[in-house]
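# Fold and contact review
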Amino acid sequence: MSHPTADDVYRHLERFEQVLMSLHLKAWDRLISNTAWPTLVFQRTGSGLMHDFIAQEASTALDALPGIRRITHDKSVRYLVEDKVLFRFKRGTRSGLGSNIDTQANDDFIDAKVDLLGIAHIWKVELLWYPNRLRTKLDRVEVSARDGKRRLWAYTLGKRPDVETLPLDLPIIPTAPALPTQGLVTIKPRPSAADNEESE
């Protein structure tokens, strides 16, 4: 199965970008205005709250839009765009992947070879939210494709993907530098004693 390119996914999600960003910002505002937020000991508690708020905001913002439909499966919420792009919401990690608990449903989602919903060649991506280091604001939301534990590509929501800077599937083999046609240093002959006598 071929992987989707960033441009492929961008073309399908572009018209939903504003609403997707808006629902993330609303969920974040709800999270940090929660009186329990400053006292949370575990980051995963805040991530769980944020995930729940995103799912709530998404149902208000996306469920009635044409071309997109909500898929509820195994206690998770996903959205299918134009029967082609299936996305889910996750907190982004330092490695650029969604934070996940290992379950069969998760393994099926992150394995690019597994077809979901009985639709062949569905493109599965994650919408990853990242807080800033102080957790005082939402830093960015990325659209990210992966195959298992490997990140294929990502672009920031609201920006066109820059395909020139996306990682390649195959490593780039270093090439040997070209050898100069002439030596880098030219050694001049030392004058001999006879040359010195002639110059006097």
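Residues numbered from 1 in each chain as written. Predicted model: local features only at pLDDT ≥ 70, side-chain atom pairs only at ≥ 80, totals over all residues. Heavy atoms only, no water.

### A short note on the pairing of strand E4 (residues 123-131)
In plain terms, the rule: With a 1.4 Å probe rolled over the protein chains alone, any residue whose accessible area is under 20% of its type maximum counts as buried; one over 50% counts as exposed, and the rest are partly exposed. Numbering of helices and strands starts at the N terminus; helices are DSSP runs of H or I of at least 4 residues and strands are runs of E of at least 2. Pairing between strands is defined by DSSP: at least two bridges between the two strands are required.
Counting buried positions over the 9 residues of E4 gives 8, a clear majority of the element. Bridging between strand E3 (residues 85-91) and E4 involves 7 bridges; their strand directions are parallel. Across the sheet, Arg88 pairs through a bridge with Glu126, a residue of E4. Of the pairings in the sheet, the one linking E4 to strand E5 (residues 138-147) comprises 6 bridges and is antiparallel in character. Looking at E5, one finds that Trp129 is bridged to Val141. In this antiparallel pair of consecutive strands, E4 and E5, the connection spans 6 residues, and Arg135 shows a positive phi of 60 degrees.

### Focus on helix H1 (residues 6-13)
How we decide: Any pair of residues with heavy atoms lying within 4.5 Å of one another is described as a contacting pair.
With 6 of 8 residues buried, H1 lies mostly within the body of the structure. Among the residues of H1, Ala6, Asp8, Val9, Tyr10, His12 and Leu13 are the ones counted as buried. Residues of H1 that are buried sit in contact with helix H2 (17-32), strand E2 (76-81), E3, E4, E5 and strand E6 (150-156).

### A short note on the pairing of E3
Burial analysis of E3 places 7 of its 7 residues in the buried class, which makes it a mostly covered element. Burial of E3 is two-sided: the residues Val85, Phe87, Phe89 and Arg91 facing one way and the residues Leu86, Arg88 and Lys90 facing the other way are all buried. Direction of pairing for E2 relative to E3: antiparallel, over a ladder of 4 bridges. Residue pairing for E3: Val81 is matched across the bridge by Val85. The turn joining E2 and E3, which pair antiparallel and follow one another in sequence, is formed by 3 residues; a positive phi near 50 degrees is taken by Glu82.

### Details of the packing of aromatic side chains
For any pair of aromatic rings, the description consists of the separation of the ring centres together with the inter-plane angle of the planes. In plain terms, the rule: Note on aromatic contacts: the rings of Phe and Tyr and the six-membered ring of Trp form a pair at centre separations within 6.5 Å, being stacked when their planes are under 30 degrees apart, edge-to-face when over 60 apart, and tilted otherwise. By definition, being over a ring means that NZ of Lys or CZ of Arg is both within 6 Å of the ring centre and within 35 degrees of the ring normal.
Counted according to the given criterion, the structure contains 7 aromatic pairs. Taking the centre distance of 5.7 Å and the plane angle of 75 degrees together, the rings of Tyr10 and Tyr155 count as edge-to-face. One end of the pair, Tyr10, is in helix H1; the other, Tyr155, is in strand E6, and 145 residues separate them in sequence. One exposure class covers both Tyr10 and Tyr155, and it is buried. Taking 6.2 Å as the distance between ring centres and 70 degrees as the angle between the ring planes, the aromatic pair formed by Tyr79 and Phe89 counts as edge-to-face. Residue Tyr79 is found in strand E2, and its partner Phe89 is found in strand E3; the two are separated by 10 residues along the sequence. On the basis of relative accessible area, Tyr79 is assigned to the buried category, the value being 0%. Grouped by ring-pair contacts, the aromatic residues Tyr10, Trp153 and Tyr155 constitute a single cluster. Here the basic side chain of Arg140 rests over the ring of Tyr130, its NZ or CZ set 3.9 Å away from the ring centre.

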